[in-house]
Amino acid sequence: MLAYFLRRLMAVVPTVVLVSMFVFALQQMLPGDPALALAGEERDPESIAYIREKYHLNEPIWIQYGYWIGKVLQGDLGISLRTNIPVTELLAQKLPVTIQLALMAIAIALLIGVPMGVLSALKRGTPLDWFANVTALSGLSIPNFWLGILLILLVSVQLGWLPASGYESPFDDLAQNLKTMIMPAFVLGTSIAATMMRHTRSAMLEVLKSDYVRTARAKGVRERGVIMRHAFRNALIPVVTIGTLQLGELLAGAVLTEQVFTIPGFGKQIVDAVFNRDYAVVQGVVLCSSVAFIGLNLAADMAYFVLNPRIRV
Amino acid sequence: MADVVTTIPTVFGLQIRSRAGRRLLRHRGALVGGFLIVFFVLLAAAAPLFATHDPLATDWLAVRKAPSLAHWMGTDEIGRDVYSRLIWGTRTSLLAGVISVAFALSVGVPLGVLSGYFGGWTDTVISRCNEALLSCPFLILAIAFAAFLGPSLTNAMIAIGLSAAPIFVRLARGQTMVVKSEEYVDGARAVGLAHPRILWRYILPNIFPPLLVQATLTIATAIIAEASLSFLGLGQQPPSPSWGSMLSIAKNFLIQAPWMSVWPGVGIFLVVFGFNLLGDGLRDALDPRGD
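A short tour of the structure in this document, coming up. (Residues numbered from 1 in each chain as written. Chains lettered and ligands numbered in written order. Predicted model: local features only at pLDDT ≥ 70, side-chain atom pairs only at ≥ 80, totals over all residues. Heavy atoms only, no water.)

We now examine the overall build of chain B. Each helix and strand counted, chain B has eleven helices and zero strands in total. Sorting the 291 residues of chain B into buried and exposed places 52% on the buried side. Taking as baseline every contact in chain B between residues at least 6 positions apart, the subset at least 24 positions apart corresponds to 72%. When the accessible surface of chain B is summed, it comes to about 12,900 Å², and 68% of that surface belongs to carbon and sulfur atoms. Side chains of chain B give 21 positive and 16 negative charges; the mean places of these two sets differ by 2 Å. (Helix = DSSP H or I, 4+ residues; strand = E, 2+ residues; numbered from the N terminus. Buried < 20%, exposed > 50% of the residue type's maximum accessible area, 1.4 Å probe, protein only. Contact = heavy atoms within 4.5 Å. Areas by Shrake-Rupley, 256 points an atom, 1.4 Å probe, with all protein chains shown as cover. Lys, Arg positive; Asp, Glu negative; His and termini not counted. Charge placed at Lys NZ, Arg CZ, Asp CG, Glu CD.)

Structure representation (C-alpha cells):
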C-alpha cells in the first residue's frame, strides 16, 4: 500500500509544478503593463518602479517564476494589496469556514443522495424511480445561488426560522453557528446529492445484476440481507470515490453560496479579491484550491485502493 | 483498396446514426429536453416580437411594481420591465452557453486528437498540461480567467470556454486512442494516406458521438457558469440584461420586490434542465448497448 501511495504521490508532482506555472502565468494575462495593474491607484513613477523591483518585472519571465515559486515553497504567497496582510494568513483565516461549510454540505448530500439512489435502484421503473430521477436532474439543473435566494425568501423572510445571512464562529456560539450554516450547507449539498443519487443508483443496478447477489438469493439469504450486506456495501465503493472528488467541487460551489449568504469564507475571499484587483489573493486562492483538489484526487485513489480488494491483488 | 477502406466506417457510421436517431426519438426525456431548448431558442431569436417593453427603458413612476397587466412579471429597482429583460436575457444565456462550448471544442478537440493520435512526447506534454488545468475547480478557474481578462460577457465566454476545454481534450484523446487502433485506420495508413487526411476522414467522424453528448451537457454547465459569473459581476455588465445579473440585483430587494428573484432563476433552471435531459437522452441513444 505504501508503495502504491508513493507511486501516486510521485505522479502528482509534475501536475502540481504545472499548476504553479499556470497560476503564475495568470498574472501575464493582465491587459497592459502588469506593474500598472498591480499598482492600482498608486500610479506615480516611484510606486511603479518599486513594484517592478519588488516583483522582478524587469527580469525574464522564467526568472520571475523562479523567485515566485521559491517564496511559495516557503509559504509566502505574497501580500494582499488591499489589506496589507500576508495572503497565507488571510487564507488560513478563511479556509476553516469553507471547510466547515463543505463538510456539512457533503453530510447533507450523503443523507439525501445515497438513500434516494438505493431506493430508486430497488424500485427501478416505478413512479418512485421516475420521481427520484427527475428530482436528481432538477438538483443538477438548479443554480445554487438561485436556490439560496429562494430559501432565504421562504425560510428567512416568510417563515423567519433561520437567519438570512451572517456567520458566527462555532467556538463562540455553536447553536448560532449551526443556524447560520445549515441553509447554505443544504444549498451547496443539493447538486452533490443529485450526483451521488445518480452514481448510487447506477452502482446499485450494476451490483444487483452480479453473480454473487444471485448466489446470495439462491442460498436463501433474506432480501434485506442481500441488499444491505451484499449489494449496498459493494455499491458504496464508487460512491466514496465520487464523494471525495466532490469535496473539491464544493470549494468552487462555495464561492456563490458564500456570496449569497454573506459567509466570510474562502469563496467570498476570491470574489472580494477580484473586485479589489488584489491579484496576489486571486492567485493564492487558485493555487490553494488546485492543490487541495489534487490532494483530494489522491485521497479518492487511496480510498478506492483500500475499499476495492481487486486492485490490491 | 482505398475505396474499400473509405466505405466501411461511413456505412457503419450511418447505420449507427440512424439507429441512434430512432432511439432518440423514442426517448421521452430527450423529447422534453429538445422541446424546452427549441422553445428557448425561438424566444431568443424572436425576442423583439415577444418583449412587451424596451428592456433598457427605465420608468421612475413604476419602480418595483408587483406583477400586473401592464408589467406581467413586475418591474425592477429602476422601473424596467422584468418580463422583457427576461426575454432578452435568454439570448445572452443561450449565446454564452453555445459560444463558450464551441470555443472549448475548438481548443480541446484538436489538442486531444493530436495527443491521442501521435502519442509520445506530444501526448505527454498535452496530457500533463491538461491534468494541471483539470486540477483547478471549474468555477474557480473561470473566475480567475474572468478576473485577469477583465469583466465582460466576451471575456466570461472565453473564461468558460478555456475552463471547459480540458474536459474535451481528455475525452477526444481517449476516444482517438480507441479509434486509431481500429482496422479501418490501419488500412488507411497501409494505403499511405497522410495523417491530416486520416484524422479528418476517419478519426474525427468516429469520435463525434461522445463529443456531442459531452458538448450538450457542457452547454448546461456553461449556462450556469455564465449566470454565476454575471451574478458575481464578472459577466454581462449592466444595463444589458442577463439572467445572472438580474438575480444579482434582485438579491438586494428580496423583501421589497420578491418577484424580481423568481423568473430569471426559472429561466436558467428550465433551459439547463432541457440541455441535461437532451444530453442524457443522447447518451442513451448513442450507447451501442441500447440494442
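And the narrative resumes.
Residue and element names in this part refer to chain A. One pass over the structure, following the stated rule, counts twelve salt bridges over all chains. Salt-bridge contacts for Arg-214 lead to Asp-211; the nearest nitrogen and oxygen are separated by 3.3 Å. Of this pair, Arg-214 and Asp-211 both sit in helix H9 (residues 211-218), separated by three residues, roughly a single helical turn. The pair Arg-214 / Asp-211 is uniform in exposure class, with both members exposed. (Salt bridge = Lys/Arg side-chain N within 4 Å of Asp/Glu carboxyl O.)

One pass over the structure, following the stated rule, counts twelve aromatic pairs over all chains. Pairing Phe40(B) with Trp243(B) gives two aromatic rings, centres 6.1 Å apart and planes at 75 degrees, and the pair type is edge-to-face. Taken together, the residues Phe40(B) in helix H2 (residues 28-45) and Trp243(B) in helix H10 (residues 243-250) connect sequence positions 203 residues apart. Centroid distance Tyr184(B) to Tyr202(B): 6.4 Å. Interplanar angle 40 degrees. Geometry classified as tilted. With Tyr184(B) in helix H8 (residues 183-190) and Tyr202(B) in helix H9 (residues 195-232), the pair connects residues that are 18 residues apart, well separated along the chain. This pair shows no difference in class: Tyr184(B) is buried, exactly as Tyr202(B) is. An aromatic cluster is built from Phe24(A), Tyr65(A) and Trp68(A), whose rings are joined through pairwise contacts. (Phe/Tyr/Trp six-rings, centres within 6.5 Å; stacked < 30°, edge-to-face > 60°.)

A few words on the interface of chain A and chain B. Facing the 45 residues of chain A at the interface are 43 residues of chain B. Summing both sides of the interface, chain A and chain B together bury roughly 3,800 Å²; the carbon and sulfur share of this comes to 81%. A per-residue breakdown of the area chain A buries against chain B is headed by Ser141(A), Phe145(A) and Trp146(A), which together make up 15% of the total. At the junction of chain A with chain B, the criterion picks out one salt bridge. A salt bridge links Arg198(A) to Asp280(B); the nearest nitrogen and oxygen atoms lie 3.1 Å apart. Where chain A packs against chain B, one counts five residue pairs in polar contact (both at pLDDT 80 or more). (Buried area = accessible area lost by both parts, 1.4 Å probe. Polar contact = N/O pair within 3.5 Å; in protein donor to acceptor, adjacent residues only side chain to side chain.)

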